[in-house]
Amino acid sequence: MLKKLFSYLIPINIYKSKSSVSKSIEVTWTNGELLIDSENTNYSYGSLQRILRIGLRKIGFNTIQTMDTILVLGVAGGSVIKTLVNEIHFKGQITGVEIDKEIIEVANSYFQLDQIPNLEIKIQDALDFVLRCKDQYNLIIIDVFEDLEMPSFLFEPYFRDKTLSLLKDNGYLLFNTMTLSEADNTRNKKFIDGLKNTKFKINSIPRIERHNELILVQPINQKRFQKNSANILLVLIK
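Report on the accompanying structure. The model shown is predicted, which means the values in this text are computed figures rather than measured ones.

Here's the deal with the pairing of strand β5 (residues 69-73)
No. 1: Counting buried residues along β5, 5 of its 5 residues qualify, which places the element largely inside the surrounding structure.
No. 2: On β5, burial covers both faces: Thr69, Leu71 and Leu73 on one face and Ile70 and Val72 on the other are all buried.
No. 3: Tracing the backbone out of β5, into helix α4 (residues 79-87) and back to the parallel element strand β6 (residues 93-98) gives a crossover that is right-handed.
No. 4: Alignment of β5 against strand β8 (residues 137-142), held across 4 bridges, turns out to be parallel. Bridging from a neighbouring strand, valine 72 pairs with isoleucine 141 of β8.

Considerations on helix α2 (residues 47-59)
No. 1: Under the 1.5 Å per step criterion, the end-to-end length of α2 is 19 Å for 13 residues, consistent within 8% with the ideal 18 Å.
No. 2: For α2, the set of buried residues is Leu48, Gln49, Ile51, Leu52, Arg53, Gly55, Leu56 and Ile59.
No. 3: Immediately downstream of α2, the backbone of glycine 60 shows phi near 110°, a positive value.

Examining the pattern of salt bridges
No. 1: Counting across every chain of the model gives 8 salt bridges.
No. 2: Across the pair lysine 16 and glutamate 26 runs a salt bridge, and its minimum N-O distance is 3.5 Å. Taken as a pair, lysine 16 in strand β1 (residues 12-19) and glutamate 26 in strand β2 (residues 23-30) lie far apart in primary sequence, 10 residues in all.
No. 3: The exposure class of lysine 16 is exposed, given its relative accessible area of 57%.
No. 4: Among the ionic pairs, arginine 53 bridges to glutamate 87, the shortest N-O distance being 2.8 Å. Residue arginine 53 is found in helix α2, and its partner glutamate 87 is found in helix α4; the two are separated by 34 residues along the sequence.
No. 5: Within the structure, one salt-bridge network assembled from shared partners comprises Lys189, Asp193 and Lys196.

Observations regarding the nonpolar core
Looking at soluble globular proteins, one finds that nonpolar side chains tend to be buried together.
No. 1: In terms of nonpolar packing, the biggest core is built from 41 residues, with Leu56, Ile64, Ile81, Leu84, Leu139 and Ile141 touching the most fellow members.
No. 2: Not counting residues up to four positions away in its chain, the partners in contact with leucine 56 are Phe61, Ile64, Val80, Thr83, Leu84, Ile88, Leu139, Ile141 and Leu174.
No. 3: One finds Tyr137, Ile140, Ile142 and Leu164 within the second-largest nonpolar core, a separate group that totals 30 residues.

Quick notes on a nonpolar patch on the surface
No. 1: Taken together, the side chains of Leu2, Leu5 and Tyr8 make up a nonpolar region of the molecular surface, amounting to roughly 350 Å² of accessible area.
No. 2: Tracing the backbone shows tyrosine 8 in the loop between α1 (2-6) and β1.

Here's the deal with empty space enclosed by the protein
No. 1: Counted by the stated rule, this structure contains 1 cavity of 30 Å³ or more.
No. 2: As a volume, the largest cavity reaches approximately 30 Å³.
No. 3: In this structure, the largest cavity is lined by Ile142, Leu154, Phe159, Arg160, Thr163, Leu173 and Phe191.
No. 4: Element by element, the count of residues in the lining of the largest cavity is highest for helix α7 (residues 157-164), at 3 residues.
No. 5: Broken down by class, the residue content of the lining of the largest cavity amounts to 5 nonpolar, 1 polar and 1 charged.

Basis of the calculations
- Residues numbered from 1 in each chain as written.
- Predicted model: local features only at pLDDT ≥ 70, side-chain atom pairs only at ≥ 80, totals over all residues.
- Heavy atoms only, no water.
- Buried < 20%, exposed > 50% of the residue type's maximum accessible area, 1.4 Å probe, protein only.
- Helix = DSSP H or I, 4+ residues; strand = E, 2+ residues; numbered from the N terminus.
- Right-handed = clockwise from strand over helix to strand, strands pointing away.
- Pairing = 2+ DSSP bridges.
- Expected span 1.5 Å × (residues − 1).
- Salt bridge = Lys/Arg side-chain N within 4 Å of Asp/Glu carboxyl O.
- Core = buried A, V, L, I, M, F, W, Y, C linked by side-chain atoms within 4.5 Å.
- Contact = heavy atoms within 4.5 Å.
- Patch = residues over 30% accessible without salt bridge, like charges linked within 9 Å, V, L, I, M, F, W, Y side chains within 5 Å.
- Areas by Shrake-Rupley, 256 points an atom, 1.4 Å probe, with all protein chains shown as cover.
- 1 Å grid on protein atoms, 1.4 Å probe; cavity = no way out; pocket = protein on both sides within 12 Å on 5 of 7 lines; lining within 4 Å.
- Points joined across faces, edges and corners; volume = space filled by probe spheres on them.
- Nonpolar A, V, L, I, M, F, W, Y, C, P; charged D, E, K, R; others polar.

Below is the structure:
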């Protein structure tokens, strides 16, 4: 408790280790919050939790509560999972995919991630998981980073299309990206443009916490549209 109080004056590091994947993992009390950081950026909780919460609010907490299955690609400390469980009160199944075994061990020790009963963690590369996956989900969250870098496969059409094929009808894809340069902005625009004139609708929320852009993708439900159109036509006939 004293460390938490003193953290309002200065950040207090309580854990630091090396990881073969994340290189540096630090757990720090900052302004009364317990955060996980990599060498150069926030990895879980703090600003990252605020960023993804904005995307979840855009979908709607009530909508998420009605869902059955959620896939999280890139778990790290599990801040978005804590938002889903503790704030949104999601009761369905959460599958978390994380390549870094060490950071999951930190998340279990300091944030009790392993005490969430409706969570299954898979220690696996996100690319490999998606390409082999045959299940479908109501919501897929992509939050994959290597410190300040985002793996290039995340923006490749084959990965994008395979990930979108895992969405159930009326599902959502929430993609957290980092935009530190004009090249990153161009990369995001290319990703968004690749979905124009398709069966998906896209919303982007730029400049969150200065350097993040959320991309929200949802299938256009043609069946529902046709049904609504038929109802309108019936009313006109009457």
